[in-house]
Amino acid sequence: MIPITVVDVQDAEPLVLEVLRSGVIAQGPMVKRFEEAFAVVAGVPHAIAVNNGTTALVASIQALDLQPGNEVITSPFTFVATLNAILEAGATARFADIRTDDFCIDADAVSAQVTDRTKVLMPVHLYGQTADMGKLVPLAEQHGLTIVEDSAQAVGATFEGKAAGSFGIGCFSLYATKNITTAEGGMITTSDDALADKLRVMRNQGMRARYQYEMAGHNYRLTDLHAALGIPQLEKLSTLTAARQRNAEALSKGLADIPGVTVPGVLPGREHVWHQYTLLVGDDAAVTRDELSEKLTEKGIGNGIYYPKLVFDYDCYRDRADVIASDVPVAKKVAEQALSLPVHPKLTDAELETIVSSVREVFGA
């Protein structure tokens, strides 16, 4: 089986042992070291480590002190954590349609969703390529919105040379399948000194110093053991990203001419870090997306449907007043057609050839 992703943290063994031998395994010097390195990657002064990517989103919204009924506009085509975080923070979710060229929220569609209750714009940098921040940043400024970037899949991605997570409040996931992993973990990035300070106090039960409480906080801390896993990967992020980019190029070269199939592209001014390599299987293709997925699985080619439904299109969200569904035809069509193939750095040339030949065989191309 060629897996859709591979977790490799063997390089972290020396740092993990260092933490174990130090006796400091909770949030300590290794977390601080990890934060400092991550801030450099994101191009911001502050990176605040938390226990997972969902927490990063929740804490970021909570730090804005929204009032009941305040709305967050985001993408309907995303992992459910995006929506769950908005709801957990006590806000109302509203959705704007996406584009097919980057799978991200469409700035033109956002404008139609802004109301007098809208306070936050949350673009999702899906699959490793940023949303069109050249349009979204001015739009947010025009309407007085705070940008909270769901950068869970986009560590190292850039828009016109500026890193994901540096356009507003950046929220990253460090889950096991992400380009950089700490097994479980998250990171918040910001250039706002006061906000960074507030988030650091919030994540530590509201304490600035031991038993010095300044707010009703939470236990959002990351451990030094988790940080030790992430540091070596962060140090070789450019190498890992380059491997993903080479693999994506090989896949596109081999699959671009299949009738009815659209391969993903890199838009001008953006650096794609290829968390996922996602095809669109059109209505005019020889087989459907689901048939392709089934046949590839039979051939031992890992693949994933990310995501099979729009995030609000589940019974548990359908009747909630704080989930405002909207007509999003592009996102709906993409959810019916998207299929991701392996693109991880551990792929060999032979495996890439096998993936390409297997997909072509399924389509008879």
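Look above for the structure.
Below or above, wherever it landed, is the structure these notes cover. Please read these numbers as outputs of a predicted model, since none were measured by experiment.

**Focus on empty space enclosed by the protein**
Applying the stated criterion across every chain, the model contains one cavity of 30 Å³ or more. Residue classes in the lining of the largest cavity are distributed as four nonpolar, two polar and three charged.

**Some details on helix 3 (residues 53-62)**
Burial of helix 3 is extensive: eight of the 10 residues sit out of reach of the surface. Residues of helix 3 that are buried: Gly 53, Thr 55, Ala 56, Leu 57, Val 58, Ala 59, Ser 60 and Ile 61. Between the side-chain oxygen at the start of helix 3 and the backbone nitrogen of Thr 54 there is a gap of 3.1 Å, and the oxygen is on Asn 52.

**Details of unusual backbone geometry**
Of note, the amide linkage connecting Tyr 306 to Tyr 307 takes the cis form, showing an omega dihedral of 20 degrees. Counting through the fold element by element, Tyr 307 comes out in the loop between helix 10 (289-298) and helix 11 (315-318).

**Brief notes about the sheet that holds strand 13 (residues 270-271)**
Strand order across the open sheet formed by three strands is 7-6-13, with antiparallel pairing between neighbours. The open sheet has two edge strands with one neighbour each: strand 7 (162-163) and strand 13. Judged from the two bridges that link them, strand 6 (residues 158-159) and strand 7 form a sheet pairing that is antiparallel. Note on strand 7: the bridge partner recorded for Phe 159 is Lys 162.

**A few points about the layout of surface pockets**
The calculated volume of the largest pocket comes to roughly 560 Å³. Residue lining of the largest pocket: 33 residues in total, with Phe 79, Ser 173, Tyr 175, Thr 177 and Lys 178 positioned closest to the centre. Mapped by element, the contributors of at least two residues to the lining of the largest pocket are helix 3, helix 4 (80-88) and strand 8 (169-173). Grouping the constituent residues of the lining of the largest pocket by class yields 14 nonpolar, 15 polar and four charged. Around the second largest pocket, the lining is made up of 15 residues, and of these Val 6, Asp 8, Asn 179, Leu 240 and Pro 345 lie nearest the centre.

**Details of helix 8 (residues 224-235)**
With 12 residues, helix 8 should cover 16 Å at 1.5 Å per step; its first-to-last C-alpha distance of 17 Å lies within 8% of that length. Among the 12 residues in helix 8, nine count as buried, and that is most of the element. Taken residue by residue, helix 8 has Asp 224, Ala 227, Ala 228, Leu 229, Gly 230, Ile 231, Pro 232, Gln 233 and Leu 234 as its buried positions. Packed against the buried residues of helix 8 are helix 1 (13-22), helix 2 (29-42) and helix 9 (237-255).

**A closer look at the pairing of strand 3 (residues 92-95)**
The alternating pattern of strand 3 places Thr 92 and Arg 94 on one face and Ala 93 and Phe 95 on the opposite face, and all of these are buried. Both strand 2 (residues 71-74) and strand 3 contribute to a ladder of four bridges, which runs parallel. Directly across from Val 72, in strand 3, lies its bridge partner Ala 93. A crossover links strand 2 with its parallel partner strand 3, the connecting element being helix 4, and its sense is right-handed. Sheet topology places strand 3 next to strand 15 (residues 323-324); two bridges connect them, and they run parallel. Bridging across to strand 15, Arg 94 finds its partner in Ile 324.

**A look at the sheet that holds strand 3**
In spatial order, the strands read 1-9-8-5-4-2-3-15; together these eight strands make up an open sheet with mixed pairing. Looking at strand neighbours, the two that pair on one side only are strand 1 (46-50) and strand 15, the edges of this open sheet. Strand contacts of helix 2: strand 1, strand 8 and strand 9 (186-190), with the helix running at about 130 degrees to strand 1, the strand carrying the most contacts. In this fold helix 3 packs onto strand 1, strand 4 (118-122), strand 5 (146-150), strand 8 and strand 9, with an angle of close to 160 degrees to the strand it touches most, strand 8.

**Describing the nonpolar core**
In this structure, Phe 77 and Leu 136 are the most contacted members of the largest nonpolar core, which totals 63 residues. Ignoring any residue separated from it by four or fewer positions in sequence, one finds Leu 136 in contact with Ile 105, Ala 107, Val 110, Leu 121, Pro 123, Ala 131 and Ile 147. Leu 251, Val 287, Leu 339 and Val 359 belong to the second-largest nonpolar core, a separate cluster that totals 25 residues.

**Quick notes on the pattern of salt bridges**
Following the criterion strictly, the structure yields 23 salt bridges and no others. Across the pair Arg 99 and Asp 132 runs a salt bridge whose closest N-O atoms are separated by 3.3 Å. On the criterion of sequence distance, the pair formed by Arg 99 in the loop between strand 3 and helix 5 (107-113) and Asp 132 in the loop between strand 4 and helix 6 (133-143) is long-range, its members being 33 residues apart. Judged on exposure class, the residue Arg 99 and its partner Asp 132 are both buried.

**Some details on the packing of helix 9 against helix 13 (residues 349-363)**
Where helix 9 meets helix 13, the axes come as close as 10 Å, and the angle between the chain directions of the two elements is 30 degrees. Between helix 9 and helix 13, the angle is such that the two are roughly parallel. In the crossing of helix 9 with helix 13, the sense of the turn from one axis to the other is right-handed. Taken together, the residues of helix 13 that come into contact with helix 9 (itself represented by Asn 247, Ala 250, Leu 251, Gly 254 and Leu 255) are Leu 352, Ile 355, Val 356, Val 359 and Arg 360.

**Looking at the packing of aromatic side chains**
In total, this model carries 10 aromatic pairs according to the counting rule given. With a centroid separation of 6.3 Å and 75 degrees between ring planes, the pair formed by Phe 159 and Phe 167 is classed as edge-to-face. For the residue pair Phe 159 and Phe 167, the accessibility class agrees, reading buried in each case. Following the ring pairs from residue to residue traces out a cluster consisting of Phe 77, Phe 79, Phe 103, Tyr 127, Tyr 306 and Tyr 307. For the cation-ring pair, Lys 162 lies above Phe 167, with the distance from its terminal atom to the ring centre recorded as 4.9 Å. Taking the ring centre of Tyr 314 as reference, the NZ or CZ of Lys 309 above it sits at 5.0 Å.

Calculation rules
- Residues numbered from 1 in each chain as written.
- Predicted model: local features only at pLDDT ≥ 70, side-chain atom pairs only at ≥ 80, totals over all residues.
- Heavy atoms only, no water.
- 1 Å grid on protein atoms, 1.4 Å probe; cavity = no way out; pocket = protein on both sides within 12 Å on 5 of 7 lines; lining within 4 Å.
- Points joined across faces, edges and corners; volume = space filled by probe spheres on them.
- Nonpolar A, V, L, I, M, F, W, Y, C, P; charged D, E, K, R; others polar.
- Buried < 20%, exposed > 50% of the residue type's maximum accessible area, 1.4 Å probe, protein only.
- Helix = DSSP H or I, 4+ residues; strand = E, 2+ residues; numbered from the N terminus.
- Polar contact = N/O pair within 3.5 Å; in protein donor to acceptor, adjacent residues only side chain to side chain.
- Pairing = 2+ DSSP bridges.
- Expected span 1.5 Å × (residues − 1).
- Contact = heavy atoms within 4.5 Å.
- Right-handed = clockwise from strand over helix to strand, strands pointing away.
- Axes fitted to C-alpha atoms, helices over the stretch in contact; angles between N-to-C directions.
- Core = buried A, V, L, I, M, F, W, Y, C linked by side-chain atoms within 4.5 Å.
- Salt bridge = Lys/Arg side-chain N within 4 Å of Asp/Glu carboxyl O.
- Parallel < 35°, antiparallel > 145°, perpendicular 65-115°, else oblique.
- Left-handed = near helix turned anticlockwise from the far one by under 90°.
- Phe/Tyr/Trp six-rings, centres within 6.5 Å; stacked < 30°, edge-to-face > 60°.
- Lys NZ or Arg CZ within 6 Å of the ring centre and 35° of its normal.

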